[in-house]
Amino acid sequence: MKRLKRSNVVMCVVMLLLCAALCLLPERYENASTHIPRERVRIEEVDNSGLYPVGIVYSGVQNCRVTVLSGEHAGESTMASNYLNSALDKDKLYAPGDVAHAMVQMGEHLTVTLIDHARTGTEALIVLALSALLILYGGIVGCGALISLAASVIIVWKLLLPLLLEGVSPIAAAFVTVTALTVMIDLLVGGLTRKTLIAVLGSLAGTLITGILSIVLTDALKLDGGDIPYLVPLLSQSFMTLDAKALYCGMIFIANSGALMDLSMDIAASCLEIVHHRPDVPRRELMRSGMTIGRSVLGTMTTTLMLAYSGNYLSMLMYFMGQGTPVIDIINLKYVASQLLSTLVGSFGLVAAAPLTALIASALCVSKGERAKA
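Quick summary incoming for the structure in this document. Counting of residues starts from 1 at the beginning of each chain's written sequence and follows it residue by residue. Owing to the predicted nature of the model, reporting of local features is limited to residues with pLDDT of at least 70; listing and counting of side-chain atom pairs is limited to 80 or more, with chain, interface and lining totals taken over all residues. Heavy atoms throughout the structure, all of them, feed into the side-chain values; hydrogens and water do not.

**Comments concerning the side chain of Ser347**
- Numbering of helices and strands runs from the N terminus, with a helix taken as a DSSP run of H or I at least four residues long and a strand as a DSSP run of E at least two residues long. Along the chain, Ser347 falls in helix α10 (residues 334-365).
- It only takes one pair of heavy atoms within 4.5 Å for two residues to be counted as in contact. With near-sequence residues (within four places) excluded, Ser347 lies in contact with Thr302 and Leu305.

**Comments concerning helix α3 (residues 170-190)**
- In this model, α3 (21 residues) spans 29 Å end to end at C-alpha, consistent with the 30 Å of a helix rising 1.5 Å per residue.
- At the exit of α3 stands Gly191, carrying a positive phi of roughly 70 degrees. To estimate how far a helix should extend, the number of its residues minus one is multiplied by 1.5 Å.

**Some words on the nonpolar core**
- Remark: nonpolar core denotes a set of buried residues (Ala, Val, Leu, Ile, Met, Phe, Trp, Tyr, Cys) joined through side-chain atoms within 4.5 Å. In this scheme, a residue with accessible area under 20% of its type's maximum is buried, one over 50% is exposed, and one in between is partly exposed, where area comes from a 1.4 Å probe on protein chains only. By size, the foremost hydrophobic cluster in this structure holds 24 residues, and its most contacted members are Ile198, Leu263, Ile267, Leu286, Leu350 and Cys365.
- Put simply, the parts of the chain that give this core at least two residues each are α4 (194-220), α6 (244-277), α7 (283-312) and α10.
- The dominant element in this core, judged by the number of residues it contributes, is α6, at 9 residues.
- When sequence neighbours within four positions are dropped, the list of residues in contact with Leu263 reads Gly294, Val297, Leu298, Met301, Leu350, Ala353 and Ala354.

**Notes on the layout of surface pockets**
- Each pocket or cavity is described by its volume, and for the largest pocket that value is around 870 Å³.
- Cavity and pocket criteria rest on a 1 Å grid covering protein atoms alone: a 1.4 Å probe that fits but cannot get out defines a cavity, protein on both sides within 12 Å along at least 5 of 7 lines defines an open pocket, and an atom within 4 Å of a point defines a lining residue. Lining the largest pocket are 28 residues, with Tyr29, Leu161, Pro162, Leu165 and Gln237 positioned closest to its centre.
- Sorting the residues of the lining of the largest pocket by element identifies α2 (120-165) and α5 (231-237) as the ones contributing at least two each.
- No other element matches the 8 residues that α2 contributes to the lining of the largest pocket.
- Three classes are used, and their members are as follows: Ala, Val, Leu, Ile, Met, Phe, Trp, Tyr, Cys and Pro are nonpolar, Asp, Glu, Lys and Arg are charged, and the others, Gly among them, are polar. For the lining of the largest pocket, a count of residues per class yields 15 nonpolar, 7 polar and 6 charged. Grid points are joined across faces, edges and corners, and a volume is the space filled by probe spheres set on the points.

**Section: a nonpolar patch on the surface**
- Only residues whose relative accessible area exceeds 30% and that form no salt bridge are eligible for patches; like-charged ones are grouped when within 9 Å, while nonpolar side chains (Val, Leu, Ile, Met, Phe, Trp, Tyr) are grouped when within 5 Å. Surface exposure here means Shrake-Rupley accessible area, sampled with a 1.4 Å probe, where a residue is shielded only by the protein chains that are shown. Salt bridges, as used here, are contacts in which a Lys or Arg side-chain nitrogen is within 4 Å of a carboxyl oxygen on Asp or Glu. There is a patch of nonpolar side chains on the surface, built from Val327, Ile328, Ile331, Leu340, Leu344 and Phe348 and spanning about 580 Å² of accessible area.
- Of all the secondary structure elements, the ones that give two or more residues to the nonpolar patch are α9 (327-330) and α10.
- Sorting elements by how many residues they give to the nonpolar patch places α10 first, with 3 residues.
- Here Ile331 shows up in the loop between α9 and α10.

**Here we look at the packing of aromatic side chains**
- Within 6.5 Å between ring centres, the rings of Phe, Tyr and Trp (the latter by its six-membered ring) count as paired, and their orientation is classed by plane angle as stacked under 30 degrees, edge-to-face over 60, tilted in between. Taken as a whole, this structure holds 2 aromatic pairs when the rule is applied.
- For the ring pair Tyr319 and Phe320, a centre distance of 5.8 Å and an interplane angle of 55 degrees mean the geometry is tilted.
- Residue classification places Phe320 among the buried residues on the basis of a relative accessible area of 6%.
- Ring pairs connect the aromatic residues Tyr319, Phe320 and Tyr335, which therefore count as one cluster.

**Describing the pairing of strand β5 (residues 99-106)**
- Strands pair, by our definition, only if DSSP identifies at least two bridges between them. As paired elements, strand β1 (residues 38-47) and β5 share 5 bridges and run antiparallel to each other. For Arg38, the partnering residue across the bridge sits in β5 and is Met103.
- As defined by bridge partners, β5 adjoins strand β6 (residues 110-117) across 7 bridges and the pair is classed as antiparallel. The partner of Ala102 across the bridge, within β6, is Leu114.

Here it is as C-alpha cells:
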C-alpha cells in the first residue's frame, strides 16, 4: 500500500509538471481581438426600446450603461450595445445589476464590447467544491483524479485541437490522444502497478475495436458527419479541407473512451483483489470471475451511454413526439442515426473490453504461490 501511494505521488508530480509545461506553450491561433483586455463590467441601466420581439426571442439592440469593475479602467462608465439576432441559444438579455464579461479598450474613447454574463467566479467555486470533495474522499487517488481531469482538458486544448486545425487525420489524432489519456489517467489512479497495465491494455483493446467499428458502420449507415455542431463555420475556416466524416469517427471513440477506462479499471482492480486474497487461484477461475464482474458492470455501463446521449437530445425527442413523428422516421434521420451509432459503437467496445480485460488479468496476475501486487 505504501508503495502504491508513493507511486501515485510520483505520477501526480510528473503530471503536474507536464500540465505546467503544456500551459506554457504559446497559443497558435490568435487575431487582433485576442489581445484586447477582458474585464468584468456591471450593467447600470438598460434601454430595451431597440428590441423587437419575435415569438419568445428578440432581435435588435439593447443599449446598456456599464461601469468597468476591473483592469486599468476600473470605475469608468460608458455605453455598450448588446446585439440580439433571434437566436435563443446565443442571445442574452441584461438587467441592471448584472455583471458581464466584456472586452475593454481605449481608442478615441472608452469602448466596451459585451460578450456574455460573467460566470467565471461561479464556475471557479464549483470546481473548488468538486476538488475539495475529491481530495477529502479519495485522498491521493482523489488528487490523481483531479489532476487527470485538468490534464485531459489541457491536452485536448493544447495538443489535440491544434493538430486537427493543422490538418492531421482526425482519426489518428483522436486515437493517439485517447491512448495518451488512458495511460496517463490509469497511472494517476492506479500507480505503476500490474493493475494499471491490465486496465490500460483492456481499455485500449476496446478503444481499437470502437475505432474500427465507427469507421465501418459510418459508411454502412451513409453518415457524413454533417450534423457536427459548428461544422459549417469550421469548414469555412478550414477552406473546406476538413474531413467531417473522419472527425465524426474520432469524436465517437473519444466520447466513449471514458466508459472503457472505467470498465477496464473495475475489472482489473477486482481481479487483483481476488489474487491478493487468494494467490493460488487458477487462471481459469480468475478469468471466470473477471467475466462475471464484467457482465455485472457492463449492464449499467451500456445503459449509462444510452442515458447520456438521450439526455443530451431530450428536447429533440420531445419535439418529435409532440409532432406525432413515427419512430421509424425518427431512427432513419441522419442526426438521430449518428447519435444512435455513437451509443451502439460504444456498447460494442464495452462488450469487447470486458472479456479482453479479464483475459489479460488472468494471464498477467496468476503465478502459483505469488501474491500479486495491487
